[in-house]
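Fold and contact review
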Amino acid sequence: MAIPIRLAAMMVLLVTVTAHPHRRHCHMSRYRSLSPSDIRAVRLLHNEHEKSPFSDGIKCQKKMFRHKPSVCDLKASDKQILTLERVTLAVDVLTNMTESPLSEFVSQPLEFFLSLEDDLKHCRKSPLYSDSPSQKLMPWLNHLKHFRERVSSQCVKDAVLLSLIQLLIEDVMCWANKE
């Protein structure tokens with residue numbers, strides 16, 4: 001049975017792309033400017049969370065960012081590592097909010113951050129971003145790790161929800177604009 005030439009060419013291309021994931025380039029340029037609907041969705045979630053009378057978010061946010069480098073001043077691989085760590089933390093928090101009173105505001109930000117996390121993980125595999133964290137970045141990564149381990153899950157949630165806009169504007173856009 002003969003396979004049409006177009007189908008055969010598509011099969012070869014598919015095998016080539018899937019067999020060699022490192023050939024897929026790291027293009028974060030799509031994050032240089034974020035869609036207004038994604039920003040609105042994150043802002044709405046942030047604002048609704050701030051209305052919560054039980055939130056002690058400002059204290060928790062200050063604890064989370066006590067040692068905060070300027071992402072824009074870091075080398076490319078460090079920017080990528082720090083942004084990936086913060087996005088992963090945001091995804092963890094948003095994923096665990098399905099039963100929350102804020103669950104109706106979570107789906108679009110969660111979808112955005114899941115896609116971003118996937119892109120960041122892919123970029124981490126590229127040669128440009130595969131370096132180990134520098135000595136300059138290690139204290140901040142350790143602080144973030146200890147923050148997650150030492151404070152309550154509610155405090156982590158509060159801190160993350162209050163920092164989502166900052167994550168979009170500073171971390172993601174700064175890294176994407178320096179790619």
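None of these values were measured; they are calculated from a predicted model.

The biggest cluster of nonpolar side chains holds 42 residues, and the ones touching the most others in it are Met-28, Leu-45, Leu-94, Phe-113, Leu-116 and Leu-164. Mapped onto this core, the elements with two or more residues apiece are helix 2 (36–50), helix 3 (57–64), helix 4 (76–95), helix 5 (107–124), helix 6 (138–150) and helix 7 (153–177). For this core, the element with the highest residue contribution is helix 7, accounting for 12 residues. Val-71, Leu-74, Leu-82 and Leu-137 belong to the second-largest nonpolar core, a separate cluster that totals 6 residues.

A few words on the confidence of the model for the chain. Per-residue pLDDT for the chain averages 79, and the proportion of residues at 70 or more is 80%. Mean pLDDT in the chain bottoms out at helix 1 (residues 5–19), which sits at 41, and peaks at helix 5, which reaches 92. Note on residues 1–23: pLDDT is under 50 here. Beyond four places in sequence and across chains, it has 3 contacts.

One turn of an α-helix holds 3.6 residues; hence residues three or four places apart share an orientation. The terminal C-alpha atoms of helix 2, which comprises 15 residues, lie 21 Å apart, in line with the 21 Å expected from a rise of 1.5 Å per residue. Where helix 2 is buried, its residues touch helix 4, helix 5 and helix 7.

All right, on to the environment of Gln-108 then. Along the chain, the position of Gln-108 falls in helix 5. Residues Gln-108 and Arg-40 lie 68 residues apart in sequence; the distance between their C-alpha atoms is 9.8 Å. Leave out the neighbours within four places in its chain, and Gln-108 touches Ser-37, Asp-38 and Ala-41.

Parameters at a glance
- Residues numbered from 1 in each chain as written.
- Predicted model: local features only at pLDDT ≥ 70, side-chain atom pairs only at ≥ 80, totals over all residues.
- Heavy atoms only, no water.
- Core = buried A, V, L, I, M, F, W, Y, C linked by side-chain atoms within 4.5 Å.
- Buried < 20%, exposed > 50% of the residue type's maximum accessible area, 1.4 Å probe, protein only.
- Helix = DSSP H or I, 4+ residues; strand = E, 2+ residues; numbered from the N terminus.
- pLDDT = per-residue confidence, 0-100.
- Contact = heavy atoms within 4.5 Å.
- Expected span 1.5 Å × (residues − 1).

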